[in-house]
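This is what each chain is made of:
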Amino acid sequence: MNGWKLVYTTYNPRQEALREALCTVGNGYFATRGAAPETVANDIHYPGTYIAGCYNRMQTEVAGKIVENESLVNVPNWLALSFRIGAEDWFDLGTVDVLSYRQEFDIKQAILKRSIHFRDKSGRHSRLEQRRLVSIDQPHLAALETIIRTEDWSGTLEVRSALDGRVLNNGVARYHDLKNQHLTPLLAESIATDTVFLELETNQSHIRIAEAAKTRLWLADEPLDLKPQVQQDKDYIAHCYKVELDPQQALRIEKTVALYITRDHAISEPGLEARKAVANAACFDTLVNRHIQRWKQLWRRFDFDIEHDNEQDEEKTEKILRLHILHLIQTTSPHVMDLDVGVPARGLHGEAYRGHIFWDELFVFPLFNLRMPEITRALLHYRYRRIGEARRNARAAGYSGAMYPWQSGSNGQEESQSLHLNPASGNWLPDNSHLQRHINAAIAYNVWQYYQVSRDMEFLLFYGAEMIMEIARFWASVATYSEKLDRYEILHVMGPDEFHDAYPGSAHPGLNNNAYTNIMAVWVLCRALELREILPSQRFEELCEIMGLVREELDLWDDISRNMHIPFHDNGIISQFEGYEKLAELDWGRYRQEYGDIHRLDRILEAEGDSANHYRVSKQADVLMLFYLFSSEELDELFQRLDYPFEYETIPRNIDYYSRRTSHGSTLSRVVHSWVLARANRPGGWPLFQQALQSDVADIQGGTTQEGIHTGAMAGTIDLIQRCFTGIEARGDILRLNPSLPEGLKSLSLNIRYRQHVLGIHMTSTCVRISSEPSTEQPIRISVREDVYSLEPGEVHEYTL
C-alpha cells in the first residue's frame, strides 16, 4: 500500500458517485468531480464542475409555497471526451468486458489517473490510459491526457472532444423537486481546427461563464493535423476526429481547457481571456510539471508524520488525513487570497447544502491558522465584506449590531431553506435552522483565534475588531433580563444539536437558554471588552464613533457577561437548553434493533408521526462543543465570571451524560466527541477518531459524501492530530503545548507557523522537541505543560514530560 494514493482496482457502478466526489480535482478557484470523461449525468455518474463563489437563485413552488434557493452552479462540463471504433457505440464501461481496471488518485500530486484493459463486443482488445488535473499553478486551466492503445485490431477510431453546457444542478435527490436549470446559452462555436468555445450565463445573477478547449492528437509521437467534424447546438460544441490505426499503435490526445467568469480580476471579458489562455497554454507535460512543483511546496507546509504501534493503522491514518488535507486545499487553496469566497460546507465537490457557507469554518480555520494563515485572513474577509448585510439582518429581526446568517452564499443574506424534505417520509417540513444564531459566536471566535496565532494587528484594527464588536452588540440586544432569575436570558434559538427546534406542543419555534449559545455570547462580550486593552486607544475610539457605541453600552456588555443564565440539572449537568431534563428518554435499543442506522433519528421519528423535540437525543455535540473550543482553564474563568461552579468532574460528567444520548447524525459529531475524550484522558478517543476518519472515504452516513465532501469533518480529523493530541493552544501571547498522545500513538511530527515563526514540533509520550527556523523575528513565549520558556529564531529546545 502507498500512503499517498487512493486506489480502486475494480469498476463498481454502485460506488461511482462516491468515488467521483473523493477523486475531485481542484485548485480553490474551480474543481471538477472525478467522473469519467465519457460519462454524462445519470443514475451512476454525475460529472460536475463548480467555481468558487458562482451562485444563482431560482424560485420554485413547493407544497403550496414559493421557495427561493441560491445554489452553487454546476457549470459546463469541460471534461467530455469519448471515442468509438468504426461505427460501434461510443465507449461505455458498462457495455465492454473489463479485463483489468485501476483508478488511482495521486494525493501528493493531485492528479487522477485511470488505466483500463477491455474487450469490446466485437472481441477487439484495447487499453485506455488517462491523466487529469486542475492546475494549482494556473488557476484558470485544466487538462486531460488520454492514450488509446490498439492490441489486435486495425481500423478507424473516432474521438469526440466537447464542451457540454446541457448541465443541471441535479446531484442531490432531495432537491429534485426544485428548479435546477441555472444557465442560459449565449455562444457555441468552433474557432479553429483544434479549439472550441462555449459561453453561457447564469439566469439570475448574470455571471458569464466562458470555456475554451484545445484538443491535439499524436500518433507515434507525431502530431496529427486533422480537420474535425463539428457537432454544435446552442449549449454544446464538439470536435470529432477520425484516425486510422494499426495493431499495437497508441493514439495520444491532449485536451486543455481555460475557464473564466465575469467575477474574475484583471480581465476584459471572460470569453476573450478564455480564448487567449487556451491558445497560450503549455503542453500537458509542462502543465503537469509546474502543477507538481506547486503541490510539493504546499506539502512542505501541510504534511505531518505519525508513528503508531499498529503499522496498518499508521498507514491508513496518514493516507486518509493527507486525502483530507488535499481536498481542503483544493477547496480553499492560496488562490482564494484573491477571491471573495467562503468555505462551502461540502467543498467544491457537489451540490449538497447548495454550496453554502455555514459554521464549518470553525473546524477548517485552525488548519490554515497554523499552516498558511493568509488563507484564513482571506476567508475572514468574506465575512467582513458582508457586515453591512449582517447589520440589516439584525435590524430586520429587531436587534442591534451584526447578525450573520446560518447559511450564507453570494451576498450574506440568510439562505437557509424555509422548507426541507424528509426523505424517510416524503414530507416537506418547516425548516427553522435559521435560528442557529450561534454562527455569530463562531465568526467572532474565528477572528479571535486567527489574531491569537498570527498577531495580525492590521487585520484586527481595520476588520476583525469591528466584527467582534458588532457581534457583541448583537448578543447584548438579543439578551433579555429576567427579574425572576435576576439574570439575562437568550430566548427562541436553536443550538448546534439541530434535532431540537421547539418545545413539545409549542406552536412557536425556538428554545430558551441553549447553554452553548449563552456561554459563547458571554465569551464574545468578554473579547469585545478586552479589545479596549489590545487596540490603540485612538482606533478603539474611532470604532466607537463609527458604531455610535457609548460607555453605557459597554457597561451593559460587562453586566451581561457576568450575569448570563446557564441552566443545570441532575447534579452539575449543564442543560442543553432550559427544560431539557423534562424531555423523555428514548428507547435506543428499540430503534437500533428496528432501523439499524439511526444517525438521523429526527427523520425516523418524523416518519413515525413523532418528533425528536420530545426526547433527550442529540444529532451532534451541543454542550460538548464548549469542551471542544475551550480548555478547562478558559471555562473555569468563564464560569467564575458568571458565579457558577466549575468542578473537576464537570467535564467528564457531562461527556458521559451526552455521549449516551447522541446519534452522531452529523459528520462533525465524532470529531468533537473524539476531541473531548482525548483531552479528558478518557478511553474511546482514538476509536472515535478512526470512525471520524471514515466519514467520507467509507461514506458512513450512507450516501451523503457523493453529494460533496464534508469540509468540517475532514478538517476536524486533521486538527485532532494538529492541536488536540499536541495540546496546542494560542492564548495570552503564549503558544501552549500540553501533549496527550492517545494509546498506541508513539510519535507525532509537524511544522506550524506561529506569529511569523516556522516551528518544527516532534513529540512522543515522554518528550517534546521544538525547533525554530532562523529569522529576524522577535522571540516567542512557549509553554510546555505549566512551564513557560522563551524561544529565539534558530533555536532548538527539548522538554521532558
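Computed from a predicted model, the values in this text were never measured in an experiment. (Residues numbered from 1 in each chain as written. Predicted model: local features only at pLDDT ≥ 70, side-chain atom pairs only at ≥ 80, totals over all residues. Heavy atoms only, no water.)

## Section: the overall build of the chain
Heads up, the rule is: A helix here means a DSSP run of H or I that spans at least four residues, while a strand means a run of E at least two residues long, and both kinds are numbered starting from the N terminus. For the radius of gyration, the atoms used are the C-alpha atoms, and the globule rule reads 2.2 Å times the number of residues raised to 0.38. In this scheme, a residue with accessible area under 20% of its type's maximum is buried, one over 50% is exposed, and one in between is partly exposed, where area comes from a 1.4 Å probe on protein chains only. What makes two residues a contact is simply this: any of their non-hydrogen atoms within 4.5 Å. Only the protein chains shown count as cover for residues, with accessible areas throughout obtained via the Shrake-Rupley method and a probe of 1.4 Å.
Secondary structure summary: the chain contains 20 helices and 33 strands in total. Computed over the C-alpha atoms, the radius of gyration of the chain is 27 Å, within 12% of the 28 Å expected from 2.2 N^0.38 for a compact globule of 801 residues. In terms of its C-alpha atoms, the chain occupies a principal-axis envelope of roughly 85 × 65 × 60 Å. Scored against the burial criterion, the 801 residues of the chain give a buried share of 62%. In the chain, once contacts between residues fewer than 6 apart in sequence are set aside, the share between residues at least 24 apart is 68%. For the chain, the accessible surface area stands at approximately 30,100 Å², while carbon and sulfur atoms represent 44% of it.

## Remarks on the pattern of salt bridges
Here is the rule we go by: By definition, a salt bridge exists where a carboxyl oxygen of Asp or Glu is found within 4 Å of a side-chain nitrogen of Lys or Arg.
All told, the structure shown has 59 salt bridges when counted by the stated rule. Salt-bridge contacts for Glu 158 lead to Arg 84; the nearest nitrogen and oxygen are separated by 3.0 Å. Residue Glu 158 is located in strand S11 (residues 155-164), and its partner Arg 84 is located in strand S6 (residues 81-85); the two are separated by 74 residues in the primary sequence. Looking at Arg 84, the relative accessible area reads 23%, which means it is partly exposed. Measuring nitrogen to oxygen at the nearest pair gives 3.9 Å for the salt bridge that ties Glu 647 to Arg 653.

## Overview of the side chain of Asn 432
Just so we agree on the cut-off: Here a polar contact is recorded for every N or O atom pair within 3.5 Å, except that within protein the pair must consist of a potential hydrogen donor and a potential acceptor, and residues adjacent in sequence are included only if both atoms are side-chain atoms.
In this fold, Asn 432 is placed in the loop between strand S21 (427-430) and helix H8 (439-454). With relative accessibility at 16%, the residue Asn 432 sits in the buried group. One polar contact links Asn 432 to Asp 501, side chain to side chain, over a distance of 3.0 Å. Ignoring sequence-local partners within four residues, the contact set of Asn 432 consists of Met 494, Asp 501 and Pro 509.

## Quick notes on the pairing of strand S17 (residues 236-245)
Short version of the rule: Strand pairing is assigned whenever DSSP detects at least two bridges linking the two strands.
With respect to burial, S17 is a largely interior element, eight of its ten residues being buried. As paired strands, S11 and S17 are joined by ten bridges and run antiparallel to one another. Bridge assignment links Val 159 to a residue of S17, and that residue is Tyr 241. Where strand S16 (residues 229-233) hands over to S17, the hairpin turn is made up of two residues, counted between the paired strands.

## Here's the deal with unusual backbone geometry
Positive phi outside glycine occurs at Asp 486, with the angle close to 55 degrees. Along the chain, Asp 486 falls in the loop between strand S22 (480-482) and strand S23 (487-489).

## So, the sheet that holds strand S28 (residues 745-754)
Quick reminder of the rule: Only the contacting stretch of a helix is used when fitting its axis, a line to C-alpha atoms as for every element, and angles between N-to-C directions run 0 to 180 degrees.
Sheet architecture is open: five strands sit in the order S19-S28-S29-S30-S33, paired in antiparallel fashion. Taken across any chain shown, the strands that pair with only one partner, and hence form the sheet edges, are strand S19 (304-308) and strand S33 (796-800). If you compare each strand with its neighbour and ignore which way they point, the axes differ by 15 degrees on average. Here strand S29 (residues 757-764) runs beside strand S30 (residues 767-772); their pairing, made up of five bridges, is antiparallel. Note that in S30 the partner of His 762 across the bridge is Arg 769.

## Observations regarding a negative patch on the surface
The following threshold applies: Like-charged residues within 9 Å of one another, or nonpolar side chains (Val, Leu, Ile, Met, Phe, Trp, Tyr) within 5 Å, are grouped into patches, provided each residue has over 30% relative accessible area and no salt bridge. Neither His nor the chain ends is counted toward charge; the positive residues are Lys and Arg and the negative residues Asp and Glu. Each charge is placed at NZ for Lys, CZ for Arg, CG for Asp and CD for Glu.
A cluster of like negative charges, contributed by Glu 633, Glu 637, Glu 786 and Asp 787, occupies part of the molecular surface. Residue placement: Glu 637 occurs in helix H16 (residues 632-642). On the basis of relative accessible area, Glu 637 is assigned to the exposed category, the value being 52%.

## A short note on the sheet that holds strand S26 (residues 729-731)
Across the sheet, four strands lie side by side as S26-S27-S31-S32; this open sheet has mixed pairing. Each edge of the open sheet is held by one strand with a lone partner, namely S26 and strand S32 (787-791). Pairs of neighbouring strands in the sheet enclose a mean axial angle of 30 degrees, with direction left out of account. With three bridges joining them, strand S27 (residues 734-737) and strand S31 (residues 780-784) adopt parallel strand pairing. Of the residues in S31, the one forming a bridge with Leu 735 is Ile 782.

## A short note on the environment of Asp 221
Within the fold, Asp 221 resides in the loop between strand S14 (208-219) and strand S15 (222-223). Distance in space between the C-alpha atoms of Asp 221 and Ala 250 is 8.9 Å, their sequence separation being 29 residues.

## As for the environment of Ser 135
Counting through the fold element by element, Ser 135 comes out in the loop between strand S9 (125-134) and strand S10 (141-150). In this structure Ser 135 touches Asn 27, Leu 141, Ala 142 and His 291, once residues within four positions along its chain are discounted. Polar side-chain contacts of Ser 135 include one of 2.8 Å to the backbone nitrogen of Gln 138.

## Digging into the pairing of S32
Where S31 lies against S32, five bridges are found, and the strand directions are antiparallel. The residue bridging Val 784 from the neighbouring strand is Asp 787, located in S32. Once S31 ends, the chain turns through two residues before running back antiparallel as S32, passing Arg 785 with a positive phi of about 55 degrees.

## Thoughts on the packing of helix H9 (residues 457-478) against helix H11 (residues 537-547)
Test applied: Angles are sorted into four bins: roughly parallel if under 35 degrees, roughly antiparallel if over 145, roughly perpendicular if 65 to 115, and oblique for all others. Left-handed describes a crossing whose near helix is turned anticlockwise from the far helix by less than a right angle; the clockwise case is right-handed. Put simply, Ala, Val, Leu, Ile, Met, Phe, Trp, Tyr, Cys and Pro go in the nonpolar bin, Asp, Glu, Lys and Arg in the charged bin, and everything else, Gly too, in the polar bin.
Running from N to C, H9 and H11 cross one another at 50 degrees; their axes reach a closest spacing of 11 Å. What the angle tells us is that H9 and H11 run oblique. In this structure, the crossing between H9 and H11 has a hand that is right-handed. Facing Leu 461, Phe 462, Ala 465, Glu 466, Met 469, Glu 470 and Arg 473 of H9, the residues of H11 in contact are Arg 539, Phe 540, Leu 543, Cys 544 and Met 547. Each residue belonging to the contact of H9 with H11 can be placed in one class, and the counts come to eight nonpolar, no polar and four charged.

## Brief notes about H8
Given 3.6 residues per turn, any residue in an α-helix points the same way as the ones three and four places further on. Rule in force here: Helix span is expected to be 1.5 Å times the residue number reduced by one.
Here H8 is 16 residues long and its end C-alpha atoms lie 23 Å apart, about the 22 Å a rise of 1.5 Å per residue gives. Most of H8 is tucked away: 16 of the 16 residues are buried. Of the residues trailing H8, Arg 455 is marked for its positive phi of about 50 degrees.

## Description of the packing of aromatic side chains
The test is simple: Side-chain rings of Phe, Tyr and Trp (the six-membered ring for Trp) are treated as a pair once their centres are within 6.5 Å; stacked means planes under 30 degrees apart, edge-to-face means over 60, and tilted covers the remaining angles. Sitting over a ring, as applied to charges here, requires NZ of Lys or CZ of Arg to be within 6 Å of the ring centre and within 35 degrees of the ring normal.
By the definition in use, this model includes 36 aromatic pairs. For the pair Phe 83 and Phe 91, a centre-to-centre distance of 4.8 Å together with 15 degrees between the ring planes defines the contact as stacked. The same class applies to Phe 83 as to Phe 91, namely buried. Taking the centre distance of 6.0 Å and the plane angle of 10 degrees together, the rings of Tyr 591 and Tyr 595 count as stacked. Here Tyr 591 and its partner Tyr 595 are both found in helix H13 (residues 588-595), four residues apart, which amounts to about one turn of the helix. Joined through ring pairs, the aromatic side chains of Tyr 353, Phe 358, Trp 359, Phe 363, Trp 406, Tyr 628 and Trp 675 make up one cluster. The cationic tip of Arg 124 hangs over the ring face of Trp 153; the distance from NZ or CZ to the ring centre is 6.0 Å. Across the ring face of Tyr 591, the terminal group of Arg 590 is positioned such that the distance to the ring centre comes to 4.2 Å.

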